[in-house]
Amino acid sequence: MAKELWKGNEAIAEAAIRAGCRCYFGYPITPQSEIPEYMSLHMPEAGGVFLQSESEIAAINMVYGASGAGARVMTSSSSPGISLKQEGISYMCGAELPGVIVNVMRGGPGLGTIQPAQGDYYQATRGGGNGDYRLIVFAPANIQEVVDLMQEAFELADKYRMPVMMLLDGMIGQMMEPVEWKRPALSPEDLPAKPWATTGTKGERRPNIINSLFINPDACNDHNRHLEEKYQRVIENEQRYEINDADEAEVLFVAYGTPARLARAAARLLGEEGIKAGVFRPITVWPYPYEALHEAASKESVRAVVTVEMSTGQMVDDVRIGVNGIKPVSFVGQAGGVIPTPREVADAARKALGR
Amino acid sequence: MAIVYQKTKGLTDAETHYCPGCTHGIIHKLVAESLEELGVLEKTVGIAPVGCSVFAYDYFNCDMLEAAHGRAPAVATGVKRVLPDHVVFTYQGDGDLAAIGTAEIVHAAMRGEKITTIFVNNAIYGMTGGQMAPTTLVGQRATTAPLGRDRNHAGSPIRMAEILATLDGAAYIERVTVISPSHIMKAKRAIKKAFELQMEGRGFTMIEVLSSCPTNWGLTPVNALNWLNENMIPVFPLGVFKDVTKEEV
């Protein structure tokens, strides 16, 4: 199929509709407003529901209701708005409701800036809401990957009955790239049944209840154990990552999203000087591919691991867990909407190698 | 022998956790009977709040979702937009609806969401132990207003029925109470009418029910009903505040 030029935010909206999503609730915020704008026109055309909510809090709770009613549903926002959704995300995890949440990250904390950043890594991977819960978090690095992962995001959400987050930096939301629509579009009729959904008993079954309240401590503990077993299955089965040019690499960059592309540019600069550099790119940042990273870092040629982020250093914690002391781990990054240059990243690698 | 009365199929056999003398039980029964009489229990989805009626999902004999505090109208919106042919209701207290969930209820009414809200107003936070609510009367004591609600400090009670009736999206808004058999019959008629108008797709409907809380008011059940009659009704007058079917005449 021919390639088409798509803006990231519009591509992710179109990819959701092609994944059989027929329900979108959201609130405007830069730099992701093209998603609700696109949905407001194209979701009704597809026979679905678009609703602009009064707040991010209302939007995520509308997602909770629509998901409870059995719909394939999503919302999107950017960093401050995602903070407001944390209550609903925690409730969705507790009540085991599927749904896709897109975060097109901007600089923070607080209002921060509208420029691209990656300061929400802790919030996405450690849980910004209350309680013991996890999200599957995809971190695509280009618009083709955004589109390719969207259907999988909905499928995993339904399979595990948990929310899935698409964690993009604002760069990917705002830029345009060629896209090929590889997977056939799904219609809601193609999707698996949800016998647990609250769709009215129709006189055919006992009432279904969607709930995150377990007032008895033993029951609440049991529920947490049940969730933990599910998260372990996700850890075992759903880690995604990519390794580029890591053979004989002296330095191993670790980066996700836009910084992974900067790291590859830096690797090319280093290559011109005869320094071999590889890039390890987690595609899921939860579950984090710790073992794969450990294996890549344990190669004899690797003398330094350099983490690149558009933050003051958050994923670097996971890199240290994965590398587990077998090689030195350092960090290079910029926060608040400033994007590190390939030259800065290459300099950090040279420094790590002691050159 | 002829059966002259039996428990509605709209309630489960679960024993409720409500305190002796609390009127939640009566209100549950009126909602459940209305749904049964309209023949829609099998296509009804209810939303339970956070507060005293948090366990309502165990009592209503239909599909139920438990919502976060104050968010029931947003959850109901999500359900109704996916299942437009179903009957969707929220059951909320005054802390849930008139404090933390004010934005959600106002905007659900503004959009004319075709849902029914049962708003149980007992002028206090019951589940958490008698704290001041936005509907607490001036001078009424609460555990966070030990000397009584002070107008200069905490303002005056909020009248949600009157506020929501100003919105074009509201189809039917009535305030009722359940302090006597005649009031209970009126309340039942109001609740049933709200569901009927929802099913006709007329817009947002809300029945505010003035309810007693003997435990946190520190009164016997009978004295609590008398206190409600003497003190709450003057501040929260009973009546119909919005009725689209009357506007058309």
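Residues numbered from 1 in each chain as written. Chains lettered and ligands numbered in written order. Predicted model: local features only at pLDDT ≥ 70, side-chain atom pairs only at ≥ 80, totals over all residues. Heavy atoms only, no water.

Quick look at the packing of helix α3 (residues 56–68) of chain A against helix α4 (residues 79–95) of chain A
Residues and elements named next belong to chain A. Worth spelling out the cut-off: Throughout, an axis means a line fitted to C-alpha atoms (over the contacting stretch in the case of helices), and angles, computed between N-to-C directions, take values from 0 to 180 degrees. Numbering of helices and strands starts at the N terminus; helices are DSSP runs of H or I of at least 4 residues and strands are runs of E of at least 2. Put simply, angles under 35 degrees are roughly parallel, angles over 145 are roughly antiparallel, angles from 65 to 115 are roughly perpendicular, and the rest are oblique. Here a crossing is taken to be left-handed if its near helix is turned anticlockwise relative to the far helix by less than a right angle, and right-handed if that turn runs clockwise. Every residue pair with non-hydrogen atoms within 4.5 Å of one another is taken to be in contact. Here the term charged refers only to Asp, Glu, Lys and Arg, the term nonpolar to Ala, Val, Leu, Ile, Met, Phe, Trp, Tyr, Cys and Pro, and the term polar to all other amino acids, Gly among them.
At a minimum axis separation of 7 Å, α3 and α4 run at an interaxial angle of 25°. With respect to their mutual orientation, α3 and α4 come out roughly parallel. Crossing angle aside, the handedness with which α3 passes α4 is right-handed. Across from Glu 56, Ile 57, Ala 59, Ile 60, Asn 61, Val 63 and Tyr 64 in α3, the residues of α4 making contact are Gly 81, Leu 84, Lys 85, Glu 87, Gly 88, Ile 89, Tyr 91, Met 92 and Ala 95. Looking at the contact of α3 with α4 residue by residue, the class counts come to 10 nonpolar, three polar and three charged.

Focus on the state of the cysteines
Using the following cut-off: Our working definition of a disulfide is a cysteine sulfur pair at a distance within 2.5 Å.
This model, assessed by the stated rule, comprises zero disulfides over all chains. The structure places no disulfide on Cys 21 of chain A, whose sulfur is separated from the nearest cysteine sulfur, that of Cys 23 of chain A, by 6.9 Å. Cys 22 of chain B forms no disulfide, and the closest cysteine sulfur to it belongs to Cys 52 of chain B, at a distance of 6.4 Å.

Brief notes about the interface of chain A and chain B
Rules: Summed over both partners, the accessible area (1.4 Å probe) lost when two parts come together is defined as the buried area. Here a salt bridge means any side-chain nitrogen of Lys or Arg lying within 4 Å of a carboxyl oxygen belonging to Asp or Glu. Nitrogen and oxygen atoms within 3.5 Å of one another constitute a polar contact, given that in protein one can donate a hydrogen and the other can accept it, and given that sequence-neighbouring residues count only through two side-chain atoms.
Taken together, the contact pairs 34 residues of chain A with 32 residues of chain B. Summing the contributions of chain A and of chain B, the shared interface buries around 2500 Å²; its carbon and sulfur component is 63%. Across the contact surface, chain A and chain B share three salt bridges. Glu 87 of chain A is the salt-bridge partner of Arg 71 of chain B, the closest N and O atoms lying 2.9 Å from each other. Scanning the region where chain A abuts chain B turns up 14 residue pairs in polar contact (both at pLDDT 80 or more). Take the side of chain A that touches chain B: its biggest share by element is eight residues, from α3 of chain A.

A closer look at the packing of aromatic side chains
Residue and element names in this part refer to chain B. For clarity, the cut-off: Ring pairs are drawn from Phe, Tyr and Trp, using the six-membered ring of Trp, whenever the two centres fall within 6.5 Å, and their geometry is named by plane angle: stacked under 30 degrees, edge-to-face over 60, tilted for the rest. Think of it in three bands: residues with accessible area under 20% of the maximum for their type are buried, residues over 50% are exposed, and the middle band is partly exposed, with areas taken using a 1.4 Å probe on protein chains only.
Counted according to the given criterion, the structure contains 13 aromatic pairs over all chains. Plain terms: the ring middles of Phe 55 and Tyr 57 are 6.3 Å apart, the flat faces sit at 65° to each other, and that makes the pair edge-to-face. When its relative accessible area of 14% is taken as the criterion, Phe 55 is described as buried. Look at Tyr 57 and you get buried, because its relative accessible area is 7%. Seen from their ring centres, Phe 60 and Phe 89 are 5.3 Å apart, and the 75° between their planes marks the pair as edge-to-face. In this pair, Phe 60 sits in the loop between α2 (56–59) and β2 (63–66) while Phe 89 sits in strand β3 (residues 87–93), placing the two residues 29 residues apart along the sequence.

Focus: the layout of surface pockets
We apply this condition: Points on a 1 Å grid, built from protein atoms alone, make a cavity when a 1.4 Å probe fits but cannot get out and make a pocket when they are open with protein on both sides within 12 Å along at least 5 of 7 lines; residues with an atom within 4 Å of a point are the lining residues. Grid points are joined across faces, edges and corners, and a volume is the space filled by probe spheres set on the points.
Of the pockets and cavities examined, the largest pocket occupies roughly 620 Å³. As for the largest pocket, its lining consists of 38 residues, of which Tyr 91 and Leu 213 of chain A together with Val 50, Val 54 and Glu 66 of chain B are closest to the centre. Taken together, the residues of the lining of the largest pocket sort by class into 17 nonpolar, 17 polar and four charged. By volume, the second largest pocket is sized at about 350 Å³. In terms of lining residues, the second largest pocket is bounded by 21 residues, among which Gly 70, Ala 71, Arg 72 and Pro 188 of chain A together with Val 82 of chain B are the most central. Of the residues assigned to the lining of the second largest pocket, the class counts are 11 nonpolar, five polar and five charged.

Regarding the pairing of strand β5 (residues 170–177) of chain B
Residue and element names in this part refer to chain B. Our working definition: Seen with its strands pointing away from the viewer, a crossover is right-handed if its path from the first strand over the helix to the second goes clockwise. When DSSP locates at least two bridges between a pair of strands, those strands are taken to pair.
Of all the eight residues making up β5, eight are buried; the element is thus mostly covered by neighbouring parts of the structure. With helix α8 (residues 181–199) bridging β5 and its parallel neighbour strand β6 (residues 204–210), the resulting β-α-β unit is right-handed. Pairing geometry for β5 and strand β7 (residues 239–243), over four bridges, is antiparallel. Bridging from a neighbouring strand, Tyr 172 pairs with Asp 243 of β7.

Concerning unusual backbone geometry
Following Thr 30 of chain A, the chain continues into Pro 31 of chain A via a peptide bond in cis, with omega recorded as 10°. Relative to the helices and strands, Pro 31 of chain A resides in the loop between β2 (23–26) and α2 (34–45). Residue Pro 287 of chain A is reached from Trp 286 of chain A by a cis peptide bond, and omega for that bond is 0°. Of note, Pro 287 of chain A is situated in the loop between β13 (284–286) and α10 (290–297). Positive phi, close to 50°, is recorded for Asp 245 of chain A, a residue that is not glycine. With respect to the helices and strands, the residue Asp 245 of chain A is situated in the loop between β10 (241–244) and β11 (251–254). Asp 245 of chain A gets classed as exposed once you look at its relative accessible area, which sits at 60%. Backbone geometry at Ala 123 of chain B places phi at a positive 65°, although glycine is not the residue there.

Regarding the domain arrangement of chain A
Residue and element names in this part refer to chain A. Put simply, the test is: What marks off one domain from the next here is an automatic or database domain assignment.
Taken domain by domain, chain A holds domain 1 (4–237) and domain 2 (241–353). Measuring from the centre of the C-alpha atoms in domain 1 to the corresponding centre in domain 2 gives 28 Å. With both sides pooled, the region where domain 1 packs onto domain 2 buries about 2400 Å², and carbon together with sulfur makes up 56% of that total. One can count three salt bridges joining domain 1 with domain 2.

Here we look at the side chain of Thr 284 of chain A
Residue and element names in this part refer to chain A. Summarising the element assignment, Thr 284 is placed in strand β13. Engagement of the side chain of Thr 284 in a polar contact is seen with the backbone nitrogen of Arg 240, the distance being 2.9 Å. There is a polar contact of 2.8 Å between the side chain of Thr 284 and the backbone oxygen of Pro 287. Setting aside anything within four residues of it in sequence, one finds Thr 284 in contact with Val 137, Phe 138, Glu 238, Gln 239, Arg 240 and Pro 289.

Examining the environment of Val 120 of chain B
Relative to the helices and strands, Val 120 of chain B resides in strand β4 (residues 116–121). Under the relative-accessibility criterion, Val 120 of chain B is labelled buried at 2%.

Quick word on the pattern of salt bridges
Residues and elements named next belong to chain A. In the structure shown here, the tally under the stated rule is 37 salt bridges over all chains. Residues Lys 182 and Asp 148 are paired through a salt bridge, measuring 3.3 Å at the closest nitrogen-oxygen approach. Separated by 34 residues along the polypeptide, Lys 182 in the loop between β8 (176–179) and β9 (209–210) and Asp 148 in helix α6 (residues 143–160) bring together distant segments of the chain. Residue classification places Lys 182 among the exposed positions, given a relative accessible area of 53%. Of the residues examined, Asp 148 reaches a relative accessible area of 24% and is grouped as partly exposed.

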